[in-house]
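# Secondary and tertiary structure notes
The residues making up each chain are set out below.
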Amino acid sequence: MPQSLPTDHPTHRDPEAGPGADAGRQDGLDRGLNTGLDTGLDTGLDTGLDVETDVDGGAGSAGAPQEILLELVDDEGVTIGTAEKLWAHQQPGRLHRAFSVFLFDRQGRMLLQRRALGKYHSPGVWSNTCCGHPYPDEPPFVAAARRTAEELGVAPALLCEAGTVRYDLPDETSGLIEREWNHLFVGLVTAPVRPNPDEVDDYAFVTAEELRALEAERPFSVWFRTVFEAALPGIREIAGNSW
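All of the points below concern the structure found in this document. (Residues numbered from 1 in each chain as written. Predicted model: local features only at pLDDT ≥ 70, side-chain atom pairs only at ≥ 80, totals over all residues. Heavy atoms only, no water.)

### A word on the overall build of the protein
A count of helical and extended segments in the protein gives five helices and nine strands. Starting at the N terminus, the α and β elements of the protein follow one another as α-β-β-α-β-β-β-β-α-β-β-β-α-α. Counting over 243 residues, the protein shows a buried share of 53%. Across the protein, every contact between residues at least 6 apart in sequence was considered, and the portion connecting residues at least 24 apart equals 72%. Carbon and sulfur atoms make up 50% of the accessible area of the protein, which totals about 10700 Å². (Helix = DSSP H or I, 4+ residues; strand = E, 2+ residues; numbered from the N terminus. Buried < 20%, exposed > 50% of the residue type's maximum accessible area, 1.4 Å probe, protein only. Contact = heavy atoms within 4.5 Å. Areas by Shrake-Rupley, 256 points an atom, 1.4 Å probe, with all protein chains shown as cover.)

### A look at the packing of aromatic side chains
Aromatic ring pairs are reported here in terms of the distance separating the ring centres and the angle at which the planes meet. Counted under the stated rule, the structure contains eight aromatic pairs. Ring geometry for Tyr203 and Phe205: centres 6.4 Å apart, planes at 85 degrees, overall edge-to-face. Like Phe205, Tyr203 is buried. On the basis of an interplanar angle of 15 degrees and a centroid distance of 5.7 Å, the ring pair of Phe224 and Phe228 is categorised as stacked. Here Phe228 and Phe224 lie together in helix H5 (residues 224–239), a separation of four residues that amounts to about one turn. Assigned by exposure class, Phe224 and Phe228 land together as buried. Three or more aromatic residues joined by ring pairs form one cluster here, namely Phe102, Phe104, Phe220, Phe224, Phe228 and Trp243. (Phe/Tyr/Trp six-rings, centres within 6.5 Å; stacked < 30°, edge-to-face > 60°.)

### Comments concerning the pairing of strand S4 (residues 110–115)
Burial of S4 is extensive: five of the six residues sit out of reach of the surface. Pairing between S4 and strand S9 (residues 200–206): six bridges, direction antiparallel. Of the residues in S9, the one forming a bridge with Met110 is Val206. (Pairing = 2+ DSSP bridges.)

### Quick look at the environment of Pro140
Locating Pro140 in the fold gives a position in helix H3 (residues 140–152). Along the backbone, Pro140 and Leu184 are 44 residues apart, and their C-alpha atoms lie at a distance of 9.0 Å. Contacts of Pro140, omitting those with residues within four sequence positions, involve Arg97, Pro134, His183 and Phe185.

### Some details on the environment of Ile238
When you line up the elements, Ile238 lands in helix H5. Sequence separation between Ile238 and Leu159 is 79 residues, and the spatial gap between their C-alpha atoms is 9.9 Å.

### A word on unusual backbone geometry
Following Gln91, the chain continues to Pro92 via a peptide bond in cis, the omega torsion being 5 degrees. Mapped onto the elements, Pro92 comes out in the loop between helix H2 (85–89) and strand S3 (96–104). Of note in this structure, Ser122 is not a glycine but carries a positive phi near 55 degrees. Tracing the chain through its elements places Ser122 in the loop between S4 and strand S5 (126–127). For Ser122, a relative accessible area of 5% translates into the label buried.

### A look at the pattern of salt bridges
For side chains bearing opposite charge, pairing can occur when the charged atoms are close. Taken as a whole and assessed by the stated rule, the structure comprises 14 salt bridges. Here Glu150 makes a salt bridge to Arg146, at a shortest N to O gap of 3.0 Å. In this pair, Glu150 and Arg146 are both assigned in helix H3, four residues apart and thus about one turn of the helix distant. We classify Arg146 as buried; its relative accessible area is 11%. Here Arg147 makes a salt bridge to Glu150, at a shortest N to O gap of 3.1 Å. Of the two residues, Arg147 and Glu150 are both situated in helix H3; the distance of three residues between them amounts to about one turn of the helix. In terms of burial, Arg147 and Glu150 fall into one category: buried. (Salt bridge = Lys/Arg side-chain N within 4 Å of Asp/Glu carboxyl O.)

### Structural notes on the side chain of Arg109
Among the structural elements, Arg109 can be located in the loop between S3 and S4. Polar side-chain contacts of Arg109 include one of 2.7 Å to the side chain of Asp105. (Polar contact = N/O pair within 3.5 Å; in protein donor to acceptor, adjacent residues only side chain to side chain.)

### Section: the pairing of strand S2 (residues 79–84)
As paired strands, strand S1 (residues 69–73) and S2 are joined by five bridges and run antiparallel to one another. Across the sheet, the residue bridging to Leu70 is Ala83, located in S2. Counted between consecutive antiparallel strands, the loop separating S1 from S2 contains five residues, among which Gly77 sits at a positive phi close to 80 degrees.

Next up, the structure:
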């Protein structure tokens, strides 16, 4: 699967960013790598993980979505119960806990994925590195690291909290709605990506300029721009002010 932007735009450095942007980005990447390695970050995941099944809402053996439970939360983000995943996304929607991950390579490029065409929710659209829902009682950080490995076959080399964001976003294509209390994470990926084809149709490492071009040309998930803007301060800490 290619690691370049799936358009005619090459994955080069943003020409509008001055020399200071490169220096700032490298400082952030070096600081992030040093912090993650010095503290002995261990996600508990094998970076060579090869996942064969979808454990977060893909098709089951008979082609129907597996039943997945997620956490319902109140307006303060406090867990108040559980619900089946698809039911929680049907109108009018139920506020629930979610996570979104943004990973960058050593060059400060963001890892995007195109969701597999077989997914019942937002198939075939581009989105951030990984997103999903913790299992009931599962810490969002653990869920984010786990799900990244399950979808992309690689564990983050560094993963940092970047705040939370709440939103109510209807998806006109599917008729579903995203009512989520979303935990944001940013980090680094240093090992080769080996995506699970049941989850990921394509992927790309992009600069900020290339992301803008891709958003203008291809459909993205309804939540992408909201979670991206909410995570931007953390993204700039990791990947530099060119973002």
